[in-house]
Amino acid sequence: MSNSSFGDFNSDNVVSLADLTLLLDGWGTTYSLPNLTALLDNWGQTLSLGGDFMMRVDGTNNVQVKVPTTHTLVGFLASFTGSNISYNTSSLNQVFSGNHKVSHAVATDVGLVGTGDWQTVFTLNSTATLDTSATVNSITGTPECHLAVIANGTHTILTKHTGNSTDFF
Amino acid sequence: MPHTKGDINNDNKDININDAKWLLSHLAQKFTTSSGTENDYTLAEFKEAASCITQDNVFSAADASYILSNIKDTSNYPLAAITAHGPTFPSTDYKYSPAVTSETVSTIDLARTYVGAQSSQCSETNIILLMKNKNVQNNDDYFWTYMKDFNRTDAKANYTYTGDITLLPSNYSNDINMVDDNVNKLMIFVATDNTFSFVKKVKNPEYNSTTNYLNQKNKYKYVYTIATDVTNESWTNLNFVAGTNSIPFISSNWSSENDGKMFLGRTNKGHTYLLVKIKDPINASASILIGTNLINATINTNYLDSIYTEYL
């Protein structure tokens, strides 16, 4: 579920006057009656939308990440429980893949700035399930699915996974 | 012996993009990097080299990003969210030649053509046309040919075909960046010297969306393989298998099919051909059979590059 579907159009996890202003500004173009309904239903609420750093495959086989606006995605490892995954990487260059894993990384100045909402990083051609195990890989010491992120304005790249991030999946 | 942090591929050179690539390949368990010790490191040495950010021999995609951030390689691409999907093509229609990679090659259908980029020689420009079928020993095997860059403009014929394949349009060079229906289909080029080519529009492996304008390569390019007149050849079905949704095996009444119709054929010497019936460029009232010999030779399918996983 996205922030906007709760009426939190500016993704600050609070449904407030700022969201109403955005809605009025975009009425008839970006927003319509269902958005107003969502805003009224959740007015004044602080949303609980899962963790800050998350990873999922949505209902249409998009592999998505959620990174807060304070951070930038600079890499990931997506591992799946099956094998021979097939995927579409139309926006991904330098992607690396085994038969059930896809990895990618970029320099910190060309990462994907977080929006606090789900963003698609690549698309599967058929259904596959992320490996949500917290067990660390015996060689890397890191769980099989993880994100590499950097807090904006800093220089330290962090690894986020189900072992150190609440509600990662 | 101590090793340099970040020298993940153990080439004893400066830390560069290849070290980041090696790390990412290992994370993805890509062929030849899965164990971490393929580059003559012990496992402990590999862990030490790969953990660039910390000293605890724990590493992740973050360490690859750390390397890329410090080397400032110009071929480092931005990471962008996908907001729209490209066009899709019928996945079960043999007229299309889908992309194939080392991860998908084992699952391709028999008797269909696929296209891939082979990077065995550290080159991303070797495009191949690939098919799987039974060899003369009746075992599954690969049949393939290289597709070279196509730059000719001396088209002779401009017929309209109603079969599986079309002629390369005379204005093809003007719309090379357009994603259209011809992107994933083979086409035929008939030159003024009456020579023939199978031509395909493919994604250009050298295209880099972040390269500055002056150095930018085209996003797409045309590649070709020569076809020859094989009208008078005799065909057999020696161990040939036509799979589901596959290109049909040529029959004795091929001349009654539409121009542009594709076939597969095998000579009595066991040579496999991709064939097309076209109008005779010398006598437009007649038709001929042209074909390209797909060689049955060893190919290391592990080197089919993942650049072709995207739609073309």
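Since we're looking at a predicted model, the values are computed, not measured.

Colleague: I tried to follow the overall build of chain B on my own but got confused; where do I start?
Modeller: Counting its regular elements, chain B contains three helices and eleven strands. In chain B, the succession of helices and strands from N to C terminus is α-α-α-β-β-β-β-β-β-β-β-β-β-β. Across the 312 residues that make up chain B, the buried fraction comes to 50%. Residue pairs in contact within chain B that sit at least 24 positions apart in sequence constitute 57% of those at least 6 positions apart.

Colleague: Mind showing me how you'd approach the packing of aromatic side chains here?
Modeller: The relative placement of two aromatic rings is captured by the distance of their centres and the angle of their planes. Here the structure, examined in full by the defined rule, presents nine aromatic pairs over all chains. Plain terms: the ring middles of F80(A) and F122(A) are 6.5 Å apart, the flat faces sit at 85° to each other, and that makes the pair edge-to-face. Taken together, the residues F80(A) in the loop between β3 (71-79) and β4 (87-88) and F122(A) in strand β8 (residues 118-124) connect sequence positions 42 residues apart. In this structure F122(A) comes out as buried when scored by relative accessible area, which is 0%. Each ring, one from F46(B) and one from F59(B), has its centre 5.8 Å from the other, and the planes form 90°; the classification is edge-to-face.

Colleague: I tried to follow the pattern of salt bridges on my own but got confused; where do I start?
Modeller: One side chain can pair with another of opposite charge once the charged atoms of both are near each other. Residues and elements named next belong to chain B. Counting across every chain of the model gives nine salt bridges over all chains. Between K134 and D140 there is a salt bridge; the shortest N-O distance is 2.9 Å. Judged by its relative accessible area of 43%, D140 is partly exposed. The shortest N-O distance in the salt bridge between D154 and R152 comes to 2.8 Å. Note on D154: relative accessible area 25%, which makes it partly exposed. Through salt bridges that share partners, R152, D154 and D193 make up one connected network.

Colleague: Mind showing me how you'd approach the side chain of T145(B) here?
Modeller: Residue and element names in this part refer to chain B. Looking at where T145 falls in the secondary structure, it is placed in strand β3 (residues 140-149). T145 sits in the buried class, given a relative accessible area of 14%. A polar contact of 3.4 Å, which involves the side chain of T145, links it to the side chain of T225. When sequence neighbours within four positions are dropped, the list of residues in contact with T145 reads I127, I128, L129, T225, N293 and L294.

Colleague: Help me understand unusual backbone geometry, please; the structure alone is not making it clear to me.
Modeller: Generally, phi is negative for residues other than glycine and the peptide bonds are trans, each holding for most cases. Residue and element names in this part refer to chain B. A positive phi angle, near 55°, is found at N10, a position not held by glycine. Looking at where N10 falls in the secondary structure, it is placed in the segment before α1 (17-27). Owing to a relative accessible area of 17%, N10 belongs among the buried residues under this scheme. The phi dihedral of D40 is positive, around 70°, even though this residue is not glycine. Within the element layout of this structure, D40 appears in the loop between α1 and α2 (43-50). Taking relative accessible area as the criterion, D40 reaches 69% and is therefore assigned exposed.

Colleague: What is the right way to read the confidence of the model for chain B from this model?
Modeller: Segments scoring low in pLDDT should not have their predicted coordinates read at a detailed level. All names here are of chain B. Averaged over all residues, the pLDDT of chain B equals 81, while 79% of them reach at least 70. Scored below 50 in pLDDT, residues 84-88 makes five contacts in the model with residues more than four places away or belonging to other chains. Scored below 50 in pLDDT, residues 177-182 shows 15 contacts in the model against residues more than four places distant or in partner chains. The complex prediction reports pTM at 0.51, with the ipTM value standing at 0.73.

Colleague: Explain the pairing of strand β2 (residues 126-134) of chain B here, please?
Modeller: Two faces make up the sheet, and in a regular strand the side chains alternate between them. Residues and elements named next belong to chain B. For β2, the buried fraction is high: seven of the nine residues fall into the buried class. Where strand β1 (residues 114-118) meets β2, five bridges bridge the pair, whose relative direction is antiparallel. Note that in β2 the partner of Y114 across the bridge is L130. Bridge count between β2 and β3: eight bridges; the pairing is antiparallel. Looking at the pairing, L129 lines up with T145 of β3. What sits between the antiparallel neighbours β2 and β3 is a turn of five residues, in which N138 has the positive phi angle 70°.

Colleague: What's the story with the environment of D164(B) in this structure? I'm lost.
Modeller: All names here are of chain B. Mapped onto the fold, D164 is located in the loop between β3 and β4 (166-167). For D164, a relative accessible area of 8% puts it in the buried group. Between the alpha carbons of D164 and K185 there is a distance of 8.9 Å; along the sequence they are 21 residues apart. In this structure D164 touches Y94, K95, K185, G260, K261 and M262, once residues within four positions along its chain are discounted. In terms of polar contacts, D164 uses its side chain to reach the side chain of Y94, at 3.0 Å.

Rules and cut-offs
Residues numbered from 1 in each chain as written. Chains lettered and ligands numbered in written order. Predicted model: local features only at pLDDT ≥ 70, side-chain atom pairs only at ≥ 80, totals over all residues. Heavy atoms only, no water. Helix = DSSP H or I, 4+ residues; strand = E, 2+ residues; numbered from the N terminus. Buried < 20%, exposed > 50% of the residue type's maximum accessible area, 1.4 Å probe, protein only. Contact = heavy atoms within 4.5 Å. Phe/Tyr/Trp six-rings, centres within 6.5 Å; stacked < 30°, edge-to-face > 60°. Salt bridge = Lys/Arg side-chain N within 4 Å of Asp/Glu carboxyl O. Polar contact = N/O pair within 3.5 Å; in protein donor to acceptor, adjacent residues only side chain to side chain. pLDDT = per-residue confidence, 0-100. Pairing = 2+ DSSP bridges.

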